Amino acid sequence: MAKKILVVEDEKILGEMYRDILIHAGFKAEWARSAEEGLEILPKIKPDLILLDILLPRASGIGFLKQIRELKDFASTRVLAFSNYDEPTTKREALELGAKDYLIKTNYTPQEVVDKIKEHLKKK
Amino acid sequence: MSFSAINQFLIVLINASAIFIGISVWRHNSKGKANRLLALMTIYMLLWVDFAYLPRLIGKDAPDLALTFLKVSWFVTPLFFAFLHFLIIYLIEQEQKYKWLNRIVLFLGILSAFITGFTDLIVDSIRFTGPHMSINYGSGMLPFLVTIVFIILVTICPLIKEYSKAKIILKLKLQYVLIGVSIFYLANMIFNIGLPILFDIVRLYWIGDYSTLFLLAALSYAAIARQLFNIKVVLSQALVGIIAVILLAQTASSHNLSDFLSRLFLLLTFIILGQLLAKSVQTEVKRREELETLTYQLETVNVKLTMAYKELEKLDKAKSEFISITSHQLRTPLTAIKGYLSMLTEGVYGRVNQKMKEPIQNVYQSNERLIKLVNDLLSLSRLDAGKVKFEPQLISLEEIIKDIIEEFKLPIENKGLYIKIKKVKTPFPKVFADQDHVRQAILNIIDNAIKYTEKGGITIELLKTENKAQIKISDTGKGITREELDRLFQMFSRASAGNQFHAEGAGIGLYIAKKFIEMHKGRIYAESKGDNSGSIFTIELPLN
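Residues numbered from 1 in each chain as written. Chains lettered and ligands numbered in written order. Predicted model: local features only at pLDDT ≥ 70, side-chain atom pairs only at ≥ 80, totals over all residues.

A. Focus on the overall build of chain A. Counting secondary structure elements, chain A contains 5 helices and 5 strands. Put simply, chain A runs from its N terminus to its C terminus through helices and strands in the order β-α-β-α-β-α-β-α-β-α. Burial statistics for chain A: of 124 residues in total, 39% are counted as buried. Pairs at least 24 residues apart make up 61% of the contacts formed inside chain A by residues separated by at least 6 positions. (Helix = DSSP H or I, 4+ residues; strand = E, 2+ residues; numbered from the N terminus. Buried ≥ 20, exposed ≤ 12 C-beta atoms within 10 Å, placed from the backbone. Contact = placed C-beta atoms within 7 Å.)

This is the structure in structure tokens:
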């Protein structure tokens with residue numbers, strides 16, 4: 001059965017791009033345009049992994065991460081922080097909140113992102 | 001010396017000092033508002049003090065005249081308080097704010113003055129008990145006192161408010177005003193109002209009257225700053241002069257020769273010692289003035305420095321935030337270009353023919369250069385601001401190198417070069433280092449090697465000595481001349497081959513690599529035999 005990925009990304013052009021490549025790679029992908037939208041659809045799709053942007057309008061990716069860690073069903077859901085904002089403090093905060101990795105978007109092609117997702121899904 | 005003699009002496013001294021202060025203030029700047037107000041206040045003060053003293057001097061011999069003199073003194077009092085209010089409001093630069101209050105104070109001052117001077121409502125009559133004079137107050141005394149207390153409050157409150165808000169330099173100035181005004185008000189409340197009216201104690205009235213001198217001295221100092229410091233010198237000289245005159249008079253009135261000689265000796269000794277005293281006061285004042293000037297200059301510089309530092313801190317913070325946000329904003333479109341181009345070439349949106357693949361790859365390569373430039377500029381700004389975080393962990397150099405080789409696959413293929421990593425015989429130990437920084441340093445060197453190599457390729461070798469890990473990156477490129485080697489790791493430095501063939505390098509990659517490796521207490525250096533002999537870059541990282 002196809003693994004489910006939730007992409008939380010406010011940039012339309014990037015959100016569509018990652019959703020397309022994930023679907024192309026055989027995943028079931030959903031795209032949320034904000035942290036609020038992500039929290040809303042989270043219980044419906046119950047993702048295996050969340051690809052989470054950090055600089056989001058209103059509630060940030062860090063805020064989203066804090067909130068899902070308090071939800072019983074999603075406290076241990078795999079999260080890959082994914083941003084072009086690479087302040088070391090933010091990076092450390094995301095990792096402390098249980099993000100598996102903090103990827104800088106420009107350093108990865110969409111296919112490389114898919115490879116990273118596969119790699120993390122394989123890990124127990 | 002009797003009490004009356006002391007009083008006479010004090011009156012002379014106060015008159016002389018007040019006249020000196022009044023003239024000094026007037027001469028300092030006769031057109032200044034503060035100076036005019038102060039000069040006027042000096043006249044009021046002399047009228048107040050002298051006409052309060054005269055009734056006691058003429059005593060019960062001429063009671064009507066004594067009462068008239070006393071009323072003149074009391075007539076002046078509310079006006080003096082009103083003018084003090086105007087002066088304080090002027091000194092704290094709040095005239096506009098308290099415009100209406102000033103008018104009310106002026107009205108109350110004039111009204112009180114006229115009621116006091118031309119009716120018996122305040123001062124009804126006087127009586128003498130031995131050498132002391134007592135005043136019989138009229139029914140208007142209480143409203144008169146309330147008026148005076150009101151004027152005092154509306155003067156001191158704005159002064160305290162402004163003093164608490166003032167910065168160092170203005171605070172110093174207002175400090176003198178506040179001290180002078182406080183002494184004056186306190187002395188008046190106790191000796192001119194409290195004791196005579198509540199307890200009928202009148203013999204100490206002069207302390208309240210004469211406290212005006214402190215007030216005038218403090219106000220004058222604040223108004224014309226340090227120039228009046230020599231008031232101390234003049235006062236000490238005047239004091240010596242007055243005592244000398246008294247001693248001279250005593251000498252002249254000697255009854256016999258021995259008396260005359262002893263008084264003359266006393267006079268001469270006093271003159272010599274007095275001169276020494278005046279001179280030492282002069283020296284002390286001069287030193288204090290110098291010290292005050294230096295302190296003032298130092299405080300001014302300090303205030304300016306503190307302000308400049310705060311401004312710099314703000315600018316620095318704003319710059320860091322600006323760079324972070326700008327980098328993020330620049331990277332977003334670059335990510336989209338990179339992503340869609342790679343998906344196009346990978347056939348996610350359908351098959352791309354060979355003819356189209358090449359221009360797509362060219363755009364992709366140009367985009368990669370832009371991404372690298374943004375990354376380098378971001379690192380540079382962080383290095384510049386001292387804000388690079390160092391977060392070491394155990395990392396695998398082999399994995400980082402393999403990852404970078406994968407990243408450079410396309411430009412290597414495009415140039416027809418090779419890139420290889422020499423197999424390590426035994427597993428290479430992990431090093432304790434900051435992954436991002438080491439990665440960027442190696443990436444910058446390999447990027448440089450690709451840039452300067454037209455034929456052949458790049459070989460990466462991992463070596464281990466007793467206490468350090470070495471990463472050797474050799475290329476078969478243009479090589480580096482002796483002169484270029486010396487300044488290779490400086491900012492904006494580019495090898496001459498770069499000027500000929502590669503316009504895109506900004507000359508900051510090696511500088512950043514060096515800084516990042518040095519953060520690990522490591523070393524980075526280059527070797528080359530010159531033109532067309534290739535070059536070897538070595539990174540050394542401590543193993544422990």
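B. Representation of the nonpolar core in the model. B:Met41, B:Phe80, B:Leu87, B:Ile88, B:Val177 and B:Leu216 are the most contacted members of the largest nonpolar core, which has 55 residues in total. When residues of this core are traced back to their parent elements, those giving at least two are α1 (3–28), α2 (33–58), α3 (63–91), α4 (99–118), α5 (141–165), α6 (168–199), α7 (205–210) and α8 (212–224) of chain B. Take this core: its biggest share by element is 16 residues, from α3(B). Listed in part, the 35 residues of the second largest apolar core include A:Leu6, A:Leu49, A:Phe64 and B:Tyr340. (Core = buried A, V, L, I, M, F, W, Y, C linked by C-beta atoms within 7 Å.)

C. Just the interface of chain A and chain B, in detail. Contacts between chain A and chain B engage 17 residues on the former and 17 residues on the latter. Elements supplying a minimum of two residues to the side of chain A that touches chain B: α1 (12–24) and α5 (110–122) of chain A. Broken down by element, the residue count for the side of chain A that touches chain B peaks at 6 residues, all from α1(A). Of the residues assigned to the side of chain A that touches chain B, the class counts are 8 nonpolar, 5 polar and 4 charged. (Nonpolar A, V, L, I, M, F, W, Y, C, P; charged D, E, K, R; others polar.)

D. Broad picture of the sheet that holds strand β5 (residues 101–104) of chain A. Residues and elements named next belong to chain A. With parallel pairing, the 5 strands of this open sheet are ordered in space as β2-β1-β3-β4-β5. Taken across any chain shown, the strands that pair with only one partner, and hence form the sheet edges, are β2 (28–32) and β5. Neighbour to neighbour, the strand axes of the sheet diverge by 20 degrees on average, direction disregarded. For strand β1 (residues 4–8) and β2, the ladder comprises 5 bridges, and the chain directions are parallel. Bridged to Lys-4 within β2 is Lys-28. Sitting on the sheet, α1 is in contact with β1, β2 and β3 (49–52), with an inclination near 170 degrees to β2. (Pairing = 2+ DSSP bridges. Axes fitted to C-alpha atoms, helices over the stretch in contact; angles between N-to-C directions.)

E. Structural context of the pairing of strand β7 (residues 468–475) of chain B. Residues and elements named next belong to chain B. Only one face of β7 is buried, namely the one carrying Ala-469, Ile-471, Ile-473 and Asp-475, since none of Lys-468, Gln-470, Lys-472 and Ser-474 on the opposite face is buried. The antiparallel pairing of strand β6 (residues 457–464) with β7 creates a hairpin that spans 3 residues between the two strands. Pairing analysis gives 8 bridges linking β7 to strand β9 (residues 535–542), with the strands arranged antiparallel. Within the sheet, the bridge partner assigned to Ile-471 lies in β9 and is Ile-539.

F. Quick peek at helix α3 (residues 61–69) of chain A. All names here are of chain A. Every buried residue of α3 is accounted for by Gly-61, Ile-62, Phe-64, Leu-65 and Ile-68. The buried side chains of α3 occupy one side of the element, clustering within an arc of 160 degrees when seen end-on. Those residues of α3 that are buried are in contact with β1, α2 (35–45), β3, β4 (78–83) and α4 (88–96). (Arc of directions from axis to C-beta.)

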